[in-house]
Structure formats: structure tokens, C-alpha cells
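Residue-level structure breakdown
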Amino acid sequence: MRKNTPIADAAEKKRSIMDRPPVILFSAAVGILFGIFFLFFQHTYNPIPREQAESVSGEFEKYEEADGYCGITLQDGTYCLMSADTVSSDLESALTALEKGTMLHILINPRSRFVIEIRTDTAELLNLDAAQRVIRSKNSGSTILGVVLLAAGLLLVPYAVVSYRSQKRQDARRLAETQADGDSTALHPLNPADNGKTLLAAEAFHHNICYRKAKHVYMLAIDGTVYDELKTVLSSEHRLFARLDGHLFFAGFDEKLGSYIEADGKILKKKRRFF
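Since the model is a prediction, treat every value here as computed from it, not as a measurement. (Residues numbered from 1 in each chain as written. Predicted model: local features only at pLDDT ≥ 70, side-chain atom pairs only at ≥ 80, totals over all residues. Heavy atoms only, no water.)

1. A look at the overall build of the protein chain
Regarding its fold elements, the protein chain presents five helices and 15 strands. Within the protein chain, the fraction of its 275 residues that count as buried is 40%. For the protein chain, contacts bridging at least 24 residues in sequence account for 54% of all contacts bridging at least 6. Of the roughly 15,500 Å² of accessible surface on the protein chain, a fraction of 57% belongs to carbon and sulfur atoms. (Helix = DSSP H or I, 4+ residues; strand = E, 2+ residues; numbered from the N terminus. Buried < 20%, exposed > 50% of the residue type's maximum accessible area, 1.4 Å probe, protein only. Contact = heavy atoms within 4.5 Å. Areas by Shrake-Rupley, 256 points an atom, 1.4 Å probe, with all protein chains shown as cover.)

2. Some thoughts on the environment of G35
Its place among the elements puts G35 in helix α2 (residues 21-43). Here the alpha-carbon distance between G35 and T143, two residues 108 residues apart in the chain, equals 8.7 Å. In this view, G35 contacts G146, L149 and L150; residues no more than four positions away in its chain are not counted.

3. Let's talk about the pairing of strand β11 (residues 225-231)
As judged from the two bridges shared by strand β7 (residues 188-189) and β11, these two strands associate in the antiparallel manner. Within β11, the position partnered with H188 by the bridge is V226. Sheet analysis places strand β10 (residues 217-222) next to β11, joined by six bridges and oriented antiparallel. What sits directly across from L220, in β11, is D228. The antiparallel pairing of β10 with β11 creates a hairpin that spans two residues between the two strands, and D223 there sits at a positive phi of about 55°. (Pairing = 2+ DSSP bridges.)

4. What about the sheet that holds β10?
Read across the sheet, five strands follow the order β7-β11-β10-β9-β8 without closing on themselves; strand pairing throughout is antiparallel. Strands with a single pairing partner mark the edges of an open sheet, and in this sheet they are β7 and β8 (197-204). By the bridge criterion, seven bridges tie β8 to strand β9 (residues 207-214) in an arrangement that is antiparallel. Along β9, the bridge assignment pairs L200 with Y211.

5. Quick notes on the packing of aromatic side chains
One pass over the structure, following the stated rule, counts three aromatic pairs. Where F205 meets F249, the ring centres are 6.3 Å apart and the plane angle is 65°; that geometry is what we call edge-to-face. A residue pair is termed long-range when its members are at least 10 positions apart, and F205 in the loop between β8 and β9 and F249 in strand β13 (residues 247-254) qualify at 44 residues. Among the residues examined, F205 registers a relative accessible area of 38% and is labelled partly exposed. A residue is classified by how much of its surface remains accessible, and F249, at 0% relative accessible area, is buried. On the numbers, 6.3 Å between centres and 45° between planes, the contact of F241 with F250 is tilted. Accessibility expressed as a relative area gives 0% for F250, which makes it buried. (Phe/Tyr/Trp six-rings, centres within 6.5 Å; stacked < 30°, edge-to-face > 60°.)

6. Describing unusual backbone geometry
For N195, which is not glycine, the phi torsion reads 60° and is therefore positive. For N195, the location among the structural elements is in the loop between β7 and β8. For N195, a relative accessible area of 74% gives the class exposed. Residues other than glycine seldom take positive phi values, yet D245 does so here, at roughly 55°. With respect to the helices and strands, D245 occurs in the loop between β12 (238-244) and β13. Under the relative-accessibility criterion, D245 is labelled partly exposed at 49%.

This is how it looks when you write it as C-alpha cells:
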């Protein structure tokens, strides 16, 4: 049985955690759940029509601020929570100077529980539309965060599928690598006119080795013949190999080491990829 090569050891020990399908799926689930949570959270701040608001009337007792919150207490003990974003300096001054016993008519958003309108018998202290615009504007970041998390979670699902299939292919290759004795079977001639790009090229044991990418296909070619290839939409770690004339050739990409070509355990070429 053949011993692991330096690249194989490094790939096994330094494999990125995001190349593990269970971790990817868990991350996707977390992203989707948090995305839904933030979108639902933002929904609580959406403006509502006057008819859907809860109406509270009572005699004013006091206005107070504490720990970043503010609110109005009525003489019957009812406490009405206010968003600090809706309390302008003028409103704060008016509420602070308001006489006890003044009749207040208050509207409350039943979802957020914030006060969205305050009126006395003779004046409007807090306007319904203005208050709801301010509340929604100040909490719009939740919508953006929710959309980003939800989109990221949904995108990670196909990535997990691709990663799982890639891992299965890699396992099959490693098994073949340790069990095969004869030369690898040639797949097809290398087509120089495939609009592809040669990532690395090297020579060893009188053979020309080429690691090439054409569209979504990574190929290992030796002397103009492709012996191994991998079709993938997303670029991830992979390891192509071929056995020829008793020698074992490798080419691939490792997230920590970059692109490489290896022959019989010796790294012939290596190149970092930043994109």
C-alpha cells in the first residue's frame, strides 16, 4: 500500500472546515433561520393603519427615561413604552413639562408595543405617520441583514451538495490510488483549442505533465492525454492523479497550499491562487 504524499498529508490535516458538508449544511441552516428571524423582526416595525393600533386613554402621571428606554406612566398604572428614536427634544420637553392629570390619548403598535401617537384633548404631541417612519427607518438594517443571511444560507445548500459529491469522488480516487497497480486508463486527448487555461506545467520521468482548466473542468494531462478530470461549478479542493510507467502523478488545488503538480511524492510545481 502506498504511503501518503506531502500534499495528501497537508490536504487531510489542513482541510478547510468549510469543505466539510455537515458544517456547510449547519451554516446554511443557521443563516436561513437567522435570516427569517431578522426579516420577521423587521416586520414588527412596519407601519400600520390607525384602525389596527391599540388605543389607550388616561390621565398623565409621569414621563421617564431609564436604560435607553423611555415611556409614559398613566395614573391608573398603565405604562406605555416609547421608542427613543421618536422622542425629539421638543417632545421630551413637552412631556417633561406636562401637568399631572392631563388626559392623554395614545396609540400603540400591537406588534412592536411602541407608542406611535400621543394626543391631548387640545394638541398632538406625537404624529402617527412621522413616528412610524422614524421607527421603520431606524430599524431598516434588520431587513438588509435578514436578506443577506437568508441568501447566504440558501447559496450554501448547493455548495454543500457540490462539496459532498466532490468529497465522494476524492474518496474514490484515494481508494483507487492505493489499490491500482497498472497504468491509469486514458480518458481522451487534450484539446488545446478548448478555450481553457494551463494552470501549471512540469516535466518528470520523460513525461510532460499539464494541470489545466477548461470551463468547469479541471484536467490532469500527461503527454497530451487526459488521465483524470473533475467537473465542478464551484472551485474547491481537489486532487487528480494518474499512474503511468510505474510513477504516480498528482495535480490539484489545496486551499492552504495552492495549485500543485506532484510526481512520486515530490512537488514539481506549486502556485498560490488568490482568487
